[in-house]
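# Analysis of the macromolecular model
Residue strings, one per chain:
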Amino acid sequence: MQNKKSEKLFNEAKAHIPGGVNSPVRAYKSVGGIPPFIASAKGSRIRDVDGNDYIDFVCSWGPMILGHSPKDVLNAVTKRLGRGTSYGAPTGEEVLLAKEIKKAFPAMELVRLVSSGTEATMSAIRVARGYTGKKKIVKFEGCYHGHSDYLLVKAGSGALTLNLPDSAGVPEEFVRYTLVLPYNDLPAVEALLKSDNDIAAVIVEPVAGNMGVVLPGNGFLEGLRRITKEAGVLLIFDEVITGFRLSKGGAQSVFKIKPDLICLGKILGGGFPIGAFGGKKEIMSILAPDGPVYQAGTLSGNPIAVTAGLATLKALKSPLYKRLDRLARRFTDEIVSLARAAGIPMTVNRAGSMFTFFFTNGPVRNFAEAKRSDAQMYARFFHGLLERGVMFPPSQFEACFISSAHTENDLDKVIQVCKKILKK
Ligand SMILES: *Cc1c(COP(=O)(O)O)cnc(C)c1O
């Protein structure tokens, strides 16, 4: 595999951009090597500047559920561009997108758009604190909710990869009100909420994607709903990955749970920067301009991102999810049986079209169990794939995604590649 151009760009990038990248995990620190610099992408394929093609399982870390460069989204955006790109004033499309989001997530009575998932979670927590008048929040080990100060505590993938469970530059006073519990440990939540009456909210990834995929155990989400309700604590579902991914209505529609606040991002922007948070009218009405909780954004509701989002949501219908689930099930089953046959410890966690192959005999139900995987072995697996034209996420603690552009044929090719690598 030729990678001279990527190597040159990476070296040049390091002189101008910290670590050569604009988001840390892109630097391949945990798997080593040179990250391919990307030139273009179409369908299930992504192409680097050296002309190598890869079947893409990163999918921009989740957003590209329709694959790369989907025609309908590109057409809608291209058509919209001629009318200006940002106004700092309301548009009709924002209303349309709010309606579409509410249709998919009926627990959202009011929804506000922002420009990233980080902003969505940060703002939802401010709302929760403003509404309840309480200070503390509960999060789970290995869950990532963006990079705002008080959420960078045991925050999964990016932070985990760099071995920075807490980030430098965050005063310890700033995380004093963030309480961290193990994922899937309902009794711990129950005990904490009983003993502390200054908790505003519990925030959770309903299916975790940032310590690798970890599913909620039987009754975990139902239990969270019950316990928080009894304690007068708001329940926030961070569905930045799972929203429009597990089903159109996210994990809450699959598990039939109604959280108080919901955070969205990734798929919602169809490849453009966007985020959203929303929930009950009574809670969301606390936001400025109607209420005392301030939140704002120069590019919030950007018409191009909103247009891409509208075109993307339009394409998301239930047969698409059924097909993705079927493809992903067969794919993960086959890879695991290849690993077994080769005597390699492997556990797969999968929810619909998101999955992680953990190099451990498992099970993986929380962050501590995820960390038992052999990250070195993952790195070898990863590079074996990359050299043969398959791009997996460059860390054991991330989710793989497939898109509607992935074909049976694509996946069969990858299975054949895995067969070779796992034997080695
Ligand atoms: C990606 C992610 C975020 C942060 O979104 P950004 O757009 O990267 O700021 C928040 N929560 C979850 C669950 C995510 O996966």
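Rules used throughout
- Residues numbered from 1 in each chain as written.
- Predicted model: local features only at pLDDT ≥ 70, side-chain atom pairs only at ≥ 80, totals over all residues.
- Heavy atoms only, no water.
- Domains from an automatic or database assignment.
- Contact = heavy atoms within 4.5 Å.
- Buried area = accessible area lost by both parts, 1.4 Å probe.
- Salt bridge = Lys/Arg side-chain N within 4 Å of Asp/Glu carboxyl O.
- Helix = DSSP H or I, 4+ residues; strand = E, 2+ residues; numbered from the N terminus.
- Buried < 20%, exposed > 50% of the residue type's maximum accessible area, 1.4 Å probe, protein only.
- Lys, Arg positive; Asp, Glu negative; His and termini not counted.
- Pairing = 2+ DSSP bridges.
- Axes fitted to C-alpha atoms, helices over the stretch in contact; angles between N-to-C directions.
- Core = buried A, V, L, I, M, F, W, Y, C linked by side-chain atoms within 4.5 Å.
- Near = heavy atom within 4 Å.
- Polar contact = N/O pair within 3.5 Å; in protein donor to acceptor, adjacent residues only side chain to side chain.
- Areas by Shrake-Rupley, 256 points an atom, 1.4 Å probe, with all protein chains shown as cover.
- Nonpolar A, V, L, I, M, F, W, Y, C, P; charged D, E, K, R; others polar.

To continue, consider the domain arrangement of the protein. Its domain assignment divides the protein into domain 1 (4-65 + 317-423) and domain 2 (71-315). Opposite the 32 residues of domain 1 that make contact, domain 2 presents 31 residues. Both faces considered, domain 1 and domain 2 share a buried interface measuring about 2500 Å² in area, 67% of it formed by carbon and sulfur atoms. Considering only the surface of domain 1 that becomes buried against domain 2, Tyr-321, Met-354 and Phe-367 emerge as the three largest contributors, covering 26% of it. Scanning the region where domain 1 abuts domain 2 turns up 0 salt bridges.

The next subject is the side chain of Asp-56. Tracing the sequence through the fold places Asp-56 in strand β3 (residues 53-56). Salt bridges are absent for the buried Asp-56, whose nearest opposite-charge side chain, Arg-245, sits at 9.4 Å.

The 3 strands lie next to each other as β11-β12-β14, forming an open sheet whose pairing is antiparallel. With partners counted over all chains shown, the strands left at the sheet margins are β11 (347-351) and β14 (400-401), one partner each. In this structure, β11 lies alongside strand β12 (residues 354-358), joined through 5 bridges in antiparallel fashion. Each bridged residue has a counterpart across the sheet, and for Thr-347 the counterpart in β12 is Phe-358. Sheet strands in contact with helix α11 (residues 318-341) are β11 and β12, and its direction is about 5° off that of β12.

We now examine the nonpolar core. Residues Phe-57, Phe-244, Phe-331, Phe-392 and Leu-422 are the most contacted members of the largest nonpolar core, which totals 67 residues. When residues of this core are assigned to domains, at least three map to each of domain 1 (4-65 + 317-423) and domain 2 (71-315). Among residues more than four places away in sequence, those in contact with Phe-331 are Phe-57, Phe-355, Phe-357, Phe-392, Leu-411, Val-414 and Ile-415. Counting 30 residues, the second-largest nonpolar core is a separate cluster that includes Leu-186, Val-204, Leu-221 and Leu-235.

Attention now moves to the site of the ligand. Within the structure, the ligand sits among Ser-116, Gly-117, Thr-118, Tyr-144, His-145, Gly-146, Glu-205, Asn-210, Asp-238, Val-240, Ile-241 and Lys-266. The side chain of Asp-238 places a nitrogen or oxygen atom 2.7 Å from a nitrogen atom of the ligand. In the environment of the ligand, an oxygen atom lies 2.6 Å from a nitrogen or oxygen atom belonging to the side chain of Lys-266. For the ligand, whose accessible area on its own is 380 Å², the fraction buried by protein is 83%. When grouped by side-chain class, the residues that make up the shell around the ligand number 3 nonpolar, 6 polar and 3 charged.

Below, the discussion takes up the pairing of β12. The element β12 is largely enclosed, with a buried count of 5 among its 5 residues. Burial of β12 is two-sided: the residues Met-354, Thr-356 and Phe-358 facing one way and the residues Phe-355 and Phe-357 facing the other way are all buried. The hairpin turn running from β11 into β12, its antiparallel successor, is 2 residues long, and Gly-352 in that turn takes a positive phi close to 55°. Note that β12 and β14 share 2 bridges and pair antiparallel. The residue of β14 that forms the bridge with Met-354 is Phe-401.

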